[in-house]
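Single-letter residue listing:
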Amino acid sequence: MPSAADQPSWLHLAELFGLSAATLAFEILLLRLFEFSHWHYFAGFAIALALLGLGAAGTTLALLGARPERWGDGWFLGGLLTAALGLYIVLGLQAHVALRPIFAAWDARELGKLLLVDVVAFLPFYGAGLAIGQVFIRWPRHSRKLYAVNLLGSGVGSVAASLLLTFASIAAALALVALLLLLVGTGVALAQRQRLAAGLCLIALLLAVPFTWRPPAPAMSDFKALARVQDLPDAQVLAVQPGLIGQLTLLRSESLRYAPGLSLAWPQSVPVMDVAIIGSDAEVPLPREFPFDVKHAPASLAGLPFVLRPHGAALVLGASAWQSPMLAGAGNTITWIEPDQRVLDLARQRGARPPRFTLIADQPYRHLAITTARYNLIAADQAYNGGDAATEEYVFTVEGLALALQRLAPDGLLVIPLRLQQPPRHLPRMLVTIKQALVRHGAAAPGAHVAALRGLQTHLLLVANLPLNKADSTALRAFAQQWQFDFDWLPDVTGQELNRYHKLEAPIFFETARAILTGEATLPDDATWFTTDSARLDRPYLWRSLLWERAPHLVATMGPRAMAYLDWSLIFSAGTVALVMLLAFLLILAPLGRLPAILPPLSRLSVAAYFTMLGLGYLLIEIAVLERVILFTGTPVLAASIVFAIFLIGSGAGSAMAPEARTRRVALRMFAVIAIGFVIAATALWLAPDMLLEPPMTLRLTLIIMLIVPLAWAMGRPFPWALRQFADQPRWIPWAWAINGFASVTAASLAPLISVHHGQPTTLTVGLLCYFVAVTIALRWTKPGKVWPPRS
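Residues numbered from 1 in each chain as written. Predicted model: local features only at pLDDT ≥ 70, side-chain atom pairs only at ≥ 80, totals over all residues. Heavy atoms only, no water.

*Asks:* Break down the pairing of strand β3 (residues 274–278) for me, citing the residues and quoting the values.
*Replies:* Counting buried positions over the five residues of β3 gives five, a clear majority of the element. Side chains D274, A276 and I278 of β3 all project onto a buried face; the interleaved residues V275 and I277 project onto the opposite face, where all are buried too. Pairing between strand β2 (residues 248–252) and β3: four bridges, direction antiparallel. Pairing of L248 across the sheet is with I278, part of β3. Hairpin geometry of β3 and strand β4 (residues 282–286) is characterised by an intervening segment of three residues between the two adjacent antiparallel strands and by a positive phi of about 70 degrees at G279. (Buried < 20%, exposed > 50% of the residue type's maximum accessible area, 1.4 Å probe, protein only. Helix = DSSP H or I, 4+ residues; strand = E, 2+ residues; numbered from the N terminus. Pairing = 2+ DSSP bridges.)

In C-alpha cells:
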C-alpha cells in the first residue's frame, strides 16, 4: 500500500489549484494591461515571450534532475513566492515605464525598455512553472489527478480574471491576484510548518497590502488617445468605469470638437462634446445633451445620409467618432446597436430616449440576422474605427453586408465610412466585399447601386437597395458641389466631376472603384499593393491588408511612411512564431545531455513529436473555436472568457477520467472521442450558425457550452495518459511538459496567421491533423509486441 508521501494531499492539490488559477488570471490581465498602456500589436508578442517562462521552467527542472523532488514543499512554495513577487514587480514597473514598441527598431533606449518589460513579465510565469512542473516529478503516478487540478484551476482563473475586470481596474485586479497568491502561500507554509517560506510570505504580505490597497496606475504611451485627451490643459475626468470590454473613461474639455467628414468650406465652428474612451484608444464622442446642435451636419459626409433620407427609420451599427446617432435629423427615428451597455447608458442619461431613440445592447451582425424590421438607412458607424488585421468583423463580410441589404427598405441606403489612405489600403477590399454582397442580394449591375464620395481624410460609401435613381444622383451632385467633396464613384459620373477639390495626381480612387464595380478596367498599380479579395464569414478579417510579397516594395517606395500601412499584428505573430521556435529548440536541446536514457518503446523523437502535436492541436482548435464564438457573443473578451473556461474546466474533467492502460484499444478510443466532439462542435458553430444567433444571451451561452464541452473533455485526456507512461521515468516528465508548453505558445501566434490567410476552418482542420499525428504515435507505442518497462 502506498504511503501518504507517495501521493499528493488535499493541501498540495489546493495549492496547485490556487497557483494554476492565479497564473491563468495573470496571463489574461497582463495582456489587457499591455493593450491598455502600450500597443495592442505588441501585447500578444510580449505575452508569448513571457509564457516561455513556463517552458523554460520545464527545462530547468529537467536540468536539475532529482533535486526539486527532494526539496519537496519548500521548492513549490519558493516558486509560488517568486510568481507572486513577480506580479508586484510587473505592476510597479508598468507604473513607471511607457513603451513605444515600434521605436525599438532604431532607438536603443526604447529597445532596452522593451527587453526590461519582457524579462520582468517572464519572471512570474517562470516561478509558477517551477512549482507546477515539480508536482508531476514528485507524484508521477498521479499525473491524471494533478493535470486535472491544474486545468480546473486555470479554468477558474480565466473566469476570475473576467469577473475582476468587470468590477475593478486592471492594476487593482493584478494586485488582488498577487495578494491572494501570497495568502495561499502563507496559509500553506504555516500548515506545512515551512518556517522560512512562511516568514518570507508574511513579510511579502505586509509589504503588499498597501500596494494592493492603492495600486499604481499604469504609465501610458503618449500615442494613446486617452493620453492625448488627458494632456489637454482643461481636461476633466468625469467618470471611470471598469468593464469586461475595457475601462471606460469619460472626459470633458472645451477643446474637444469632433466633426469627421466635415467640409473645409463650412464657415462656422462645431459644438463642444464630451468623449468616452474605451480602453485607451476607442473614442466615442457624446453630446452633453440630446437633442444635439447639428447645424454643421448638412455640410458633412456624416450628415449626408440624413440629407438624402430626412425621414424614416435609421439603424446605427456600433459606436465611433462618426456620430450618426447625434447627426440624424428630426424626422428620423434611431435604433442604435452597440455591444457596450455603458455607452448606451451614457447616451440615455443625456436624453437619447424613446420614442425617437431605441438603444439595444447587442452585436450588430446578430441584430441584422434576427430582426424583421426594415430601415431607410443603415449606418455602419463602426467601420470608421477601422480595425486590426486579426480582428473578427463579421458585419463587414459578404454575408454580413448581404444581411444589411436585406434589412433595407426599397429606397434604403447602407452607409459605410472609411478613413482615407493613399495608396488605397482598405477601400479596394471593402468595395470587392460590397460587390459580392450585392450580387448575392440579386443585383445585376452592382456598380449602379453604389456612390462614393471623398473629403480630405474620409471616404463615404453609399450602397442602395435598388439602383440609384436620378433624384439621388442630383442630390449627391448638389451636395458635392456646394460643400466641395469629390466623387470616388457615381454610376453616371463624368470626367469633369472627378478630382476637383481634394486633388490627387490621378483619380486613383475612382479608377479603383470602376475596376472593381464594373470590371471595365484593370486595377491601378497602387491599388494592388494590398489584399483585394473579399471578406467572408469563415474569414472575417476585412482589415487585413498586408500582401507579404508586396511588403518590400511598399517599404522601398514609401520609406518610413510605410510603417503605418503594415499589418503589425500579423508581423508580430510571425515574429513570435519564429522566435519561440528558435528559443524552444535551444531550451529543448539543453537538458538532453543530463537526462538518462529513455526506455523503449518510447524514444526522444516520438515523445517530442507527440507532445508537440498535442500542444499545437489543442491551441489551434481552441483558438479557432474562440474566433467563431465571437460571432455569437459580439465581444472578443467575453468570448475568450467563455471559451477558455470551457476548454480548461472541461479538459480538467477529462483529465481526471483519463485512461491509464497501455493498449491500442484505449488509444484509439481516446482519440475517437476527440473526433466525435470535433464533429459536433464544428457542425454547430460553422454549419448551423443561425441556431446559435437567435436565442437570447443566456440560452445562447448555454448552448455554446453544451456543444463545446464534449470536445474539451475529450481533448483533456491524451496528455495525462502519456504522462502516466513516464511513471517509471519521471526525469523525462518536465522535458515533455516543456515541449507541450512551447508548442502551445507557438500555436497561440500561429492560429491567427492561419485563420487570417486561409480561414478559420483551416485552423480547425490543422488542429485536428495534429491530433491525428499524435494518435499515430500513440498507436506505434502500443503496437502488439512492444515491450514496456514493468510498472512498480
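*Asks:* Tell me about the sheet that holds β3, and please be specific about residues and values.
*Replies:* One open sheet holds the four strands; their spatial order is β1-β2-β3-β4, and the pairing between them is antiparallel. The sheet is open, and its two edges are formed by β1 (236–241) and β4, each paired on a single side. Strand after strand, the sheet turns through a mean of 20 degrees between neighbouring axes, direction not considered. In terms of strand pairing, β1 meets β2 through five bridges, oriented antiparallel. Bridge pairing links A239 to L250 in β2. Where helix α11 (residues 341–349) meets the sheet, it contacts β1, β2, β3 and β4, and its direction lies at approximately 35 degrees from that of β2. (Axes fitted to C-alpha atoms, helices over the stretch in contact; angles between N-to-C directions. Contact = heavy atoms within 4.5 Å.)

*Asks:* Please set out the sheet that holds strand β7 (residues 357–360) residue by residue, giving values where relevant.
*Replies:* If you trace the eight strands from one edge of the open sheet to the other, you get β7-β6-β5-β8-β9-β11-β10-β12, paired in mixed fashion. Of all the strands in the sheet, just β7 and β12 (486–489) have a single pairing partner and so form its edges. Strand-to-strand, the axes of this sheet are offset by a mean angle of 20 degrees, without reference to chain direction. In this fold helix α14 (residues 427–441) packs onto β9 (408–419), β10 (450–454) and β11 (458–464), with an angle of close to 5 degrees to the strand it touches most, β11.

*Asks:* Lay out empty space enclosed by the protein in plain terms, naming residues and giving numbers.
*Replies:* Within the structure shown, the criterion is met by three cavities of 30 Å³ or more. Roughly 50 Å³ of internal volume is contained in the largest cavity. L19, A22, T23, F26, A83, L87, P124, A128 and L181 together form the lining of the largest cavity. Elements that contribute at least two residues to the lining of the largest cavity include exactly α1 (10–37), α3 (67–94) and α4 (108–138). Per element, the largest residue contribution to the lining of the largest cavity is four residues, and it comes from α1. (1 Å grid on protein atoms, 1.4 Å probe; cavity = no way out; pocket = protein on both sides within 12 Å on 5 of 7 lines; lining within 4 Å. Points joined across faces, edges and corners; volume = space filled by probe spheres on them.)

Keep in mind these numbers describe shape, not what the thing actually does.
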